[in-house]
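Summary of structural features
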Amino acid sequence: MTKSGKPKSTTAMTESITGKDSPEAKAFQKKIDADITIEPKDWMPEAYRHTLIRQMSQHAHSEIVGMLPEGNWIGRAPSLRRKMILLAKVQDEAGHGLYLYSATETLGISRDQMIEQLHSGSAKYSSIFNYPTLTWADMGAIGWLVDGAAIMNQVPLCRTSFGPYARAMVRICKEESFHQRQGYEIMIAMAHGSPAQKVMAQSAIDRWWWPSLMMFGPPDADSPHSAQSLKWKIKRTSNDTLRQKFIDVTVPQAEFLGLEVPDPDLKWNKKRDHYDFGEIDWDEFYQVISGNGPCNKERLDARIKAWEDGKWVRDAALAYEQKKQAAAA
Amino acid sequence: MTSKERQMKGKKGQITGKEWPLYEVFIRSKNGLAHKHVGSVHATDSTTALEAARDVYTRRQEGISLWVVPSREITASDPEDEGMLFEPAKDKIYRHPTFYKIPKDVEYM
Ligand SMILES: [Fe+2]
Ligand SMILES: [Fe+2]
């Protein structure tokens, strides 16, 4: 396995855990072990704060950037019903991003700082959104597979140790279920439609299957932050466990559609009571994460343009408020 | 800079930086229940904060009433004072009805 594009920050966190044995740090871990939620004003290790800021802001950015591949199809939805649904889903993703920015701000980073980090490339977002949406069937595959994988990742986070994050995740999880179901409904329509539609549906699963499996992150053995995050209960379940769970529930759904999962090594393992599956191309994952995916530039350019185009609105609203305050003074 | 420091930077109600001020959002889900904190929004004034809160937090009829409060106006107790503030009530079990033994034959008490 090559990891050419892998980020090099893997030791930064362990180094910054200083004073690990201080009385505060011990009391903190005791609270975590007792499943007592950490709230914003509580004492926390700096590394815990930084890990959360990194993970939560990355999560928020993913929701925001995640609107782009689907927004691309709102104007071309095949019916008014589908258009209303897609619009509502994309609005939900905006909401998810905003809940998460708001929760992250309680850790002491400002929203502008987070947006700055996204635009400068120092903060990441989920690599899945760097793939293009080529046909309407991709709206089905994204809802079904991408939101499906997101749900699998997010449900355990409803019990994450940081209160504002856990509460935001509860709201988000309640809203996600419709996203997956509307996607699967599109897949049913396409898979049972004309031969051309069926080809589109198969092509969508062919393109989205592997990137969806990558959404769970690198294998546990190569996941640098996992052990500490599990100890802090920021993360509640390991990447590989979630990935296996996703495959196990999703393969029968693909079979129901009569579509082929693009993995020749996929087969049920009676002994393990799980599906065995083929090797994931992690090189591709690290390439896409580090900026070399098919749409990285397009996505970031679109976000930066939206931010810059909106500047006059932000400035005008501030100027108006300042004028009102000056008049009242 | 912590959120507290950031919020205290400006004078009351005054906009200092380029970033819109933060408002905490509270929702009453139905009559009979208290407003409950759900998150926050950025806005330049309370009217637009209400509009943003409505868009962000009530897309599924989550509420029938909204409050928005400038975050910097909230004074919160310090977690370090938790013991000092709340522990004195711990040993006053005589404030609870179960502390008292009343003979079984006495009814309606
Ligand atoms: Fe979402
Ligand atoms: Fe979603």
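Every value quoted in this text rests on a predicted model; they were computed, and no experiment measured them.

Along the backbone of chain A there are 14 helices and 2 strands. Here the C-alpha atoms of chain A give a radius of gyration of 21 Å, agreeing with the 20 Å that 2.2 N^0.38 yields for 329 residues. Taking the principal axes of its C-alpha atoms as reference, chain A extends roughly 65 × 60 × 35 Å. For chain A, the residues scored as buried account for 52% of the 329 residues in total. A separation of at least 24 residues holds for 78% of the contacts in chain A among residues at least 6 apart in sequence. A gap of 4 Å separates the mean positions of the 42 positive and 41 negative side-chain charges of chain A.

Residues and elements named next belong to chain A. Tallying each qualifying case throughout the model produces 15 aromatic pairs over all chains. Members of the aromatic cluster, connected to one another through ring pairs, are Phe-28, Trp-43, Tyr-48 and Trp-232. Directly above the aromatic system of Trp-73 lies the positively charged group of Arg-76, at a separation of 3.8 Å from the ring centroid. One Lys or Arg, Arg-314, reaches over the ring of Trp-307 and ends 3.5 Å from the middle of that ring.

Moving on to the environment of His-192 of chain A. Residue and element names in this part refer to chain A. As for its placement among the helices and strands, His-192 is situated in the loop between helix H8 (163-191) and helix H9 (195-214). You can call His-192 exposed: its relative accessible area is 52%. Between the C-alpha atoms of His-192 and Gly-258, which are 66 residues apart in sequence, the distance is 8.7 Å. Apart from the residues within four sequence positions on either side, His-192 is in contact with Phe-256 and Leu-257.

Of note in this structure, Asp-35 of chain A is not a glycine but carries a positive phi near 60°. On the secondary structure map, Asp-35 of chain A appears in the loop between helix H2 (23-33) and helix H3 (46-65). Notably, Tyr-108 of chain B is not glycine yet its phi reads approximately 55°, a positive angle. Along the polypeptide, Tyr-108 of chain B turns up in the segment after helix H3 (82-86). For Tyr-108 of chain B, a relative accessible area of 82% corresponds to the exposed category.

Considering the arrangement of structural elements, one finds Gln-228 of chain A in helix H10 (residues 226-231). Residues Gln-228 of chain A and Arg-49 of chain A lie 179 residues apart in sequence; the distance between their C-alpha atoms is 13 Å.

Next up on the list: the coordination of the iron ion (ligand 1). Residue and element names in this part refer to chain A. Listed as protein donors to the iron ion (ligand 1) are Glu-63 (OE), Glu-93 (OE), His-96 (ND1) and Glu-176 (OE); their distances from the metal cover 2.1 to 2.3 Å. Coordination geometry of the iron ion (ligand 1): the 4 donor atoms subtend angles of 82 to 155° at the metal centre, consistent with an arrangement described as irregular. Of note, the iron ion (ligand 1) draws all its donor residues from one chain, in the sequence arrangement E-x29-E-x2-H-x79-E. Between the iron ion (ligand 1) and the iron ion (ligand 2), the interatomic distance is 3.3 Å, and Glu-93 donates to each metal, bridging them. With Glu-93 and His-96 both in helix H5 (residues 80-105) and 3 residues apart, this pair spans about one turn of that helix. The burial state of Glu-93 is the same as that of His-96; both residues are buried.

What follows covers the confidence of the model for chain B. Residues and elements named next belong to chain B. Confidence in the prediction for chain B averages 87 pLDDT; 84% of positions are at 70 or higher. A low-confidence stretch, residues 1-16 (pLDDT under 50), is modelled with 31 contacts involving residues beyond four sequence positions or located in other chains. Interface confidence for the predicted complex, given as ipTM, is 0.88, next to a pTM of 0.89.

Taken together, the 27 residues of chain B in the interface contact 29 residues of chain A. Between chain B and chain A, a total of about 2,300 Å² is buried, with carbon and sulfur atoms accounting for 47% of that surface. In this structure, the connection of chain B to chain A is made through 7 salt bridges. Among the ionic pairs, Arg-59 of chain B bridges to Asp-92 of chain A, the shortest N-O distance being 2.9 Å. Seen at the junction of chain B and chain A, the total is 13 residue pairs in polar contact (both at pLDDT 80 or more). Mapped by element, the contributors of at least two residues to the side of chain B that touches chain A are helix H1 (3-9), strand S2 (36-42) and helix H2 (46-57) of chain B. Counting residues per element, the side of chain B that touches chain A draws most heavily on S2 of chain B, which supplies 4 residues.

We now examine the coordination of the iron ion (ligand 2). Residue and element names in this part refer to chain A. The protein atoms that coordinate the iron ion (ligand 2) are Glu-93 (OE), Asp-147 (OD), Glu-176 (OE) and His-179 (ND1), at distances spanning 2.0 to 2.2 Å. Note that the iron ion (ligand 2) binds 4 donor atoms; their angles at the metal cover 83 to 168°, and the shape is irregular. Sequence spacing among the residues donating to the iron ion (ligand 2) works out to E-x53-D-x28-E-x2-H. A relative accessible area of 2% places Glu-176 in the buried class.

Glancing now at the sheet that holds S2 of chain B. Residues and elements named next belong to chain B. The 3 strands lie next to each other as S2-S1-S3, forming an open sheet whose pairing is antiparallel. Every interior strand has two partners, whereas the edge strands, S2 and strand S3 (65-70), have only one. Sheet twist, expressed as the average angle between the axes of neighbouring strands with direction ignored, equals 30°. The pairing of strand S1 (residues 22-28) with S2 spans 6 bridges and is antiparallel. Along S2, the bridge assignment pairs Ile-27 with Lys-36.

The rules behind these values
Residues numbered from 1 in each chain as written. Chains lettered and ligands numbered in written order. Predicted model: local features only at pLDDT ≥ 70, side-chain atom pairs only at ≥ 80, totals over all residues. Heavy atoms only, no water. Helix = DSSP H or I, 4+ residues; strand = E, 2+ residues; numbered from the N terminus. Rg over C-alpha atoms; globule rule 2.2 N^0.38 Å. Buried < 20%, exposed > 50% of the residue type's maximum accessible area, 1.4 Å probe, protein only. Contact = heavy atoms within 4.5 Å. Lys, Arg positive; Asp, Glu negative; His and termini not counted. Charge placed at Lys NZ, Arg CZ, Asp CG, Glu CD. Phe/Tyr/Trp six-rings, centres within 6.5 Å; stacked < 30°, edge-to-face > 60°. Lys NZ or Arg CZ within 6 Å of the ring centre and 35° of its normal. Donors = N, O, S within 2.8 Å, 3.2 Å for Na, K, Ca; no water. Tetrahedral: all angles 85-135°; square planar, octahedral: opposite > 155°, others 65-115°. pLDDT = per-residue confidence, 0-100. Buried area = accessible area lost by both parts, 1.4 Å probe. Salt bridge = Lys/Arg side-chain N within 4 Å of Asp/Glu carboxyl O. Polar contact = N/O pair within 3.5 Å; in protein donor to acceptor, adjacent residues only side chain to side chain. Pairing = 2+ DSSP bridges. Axes fitted to C-alpha atoms, helices over the stretch in contact; angles between N-to-C directions.

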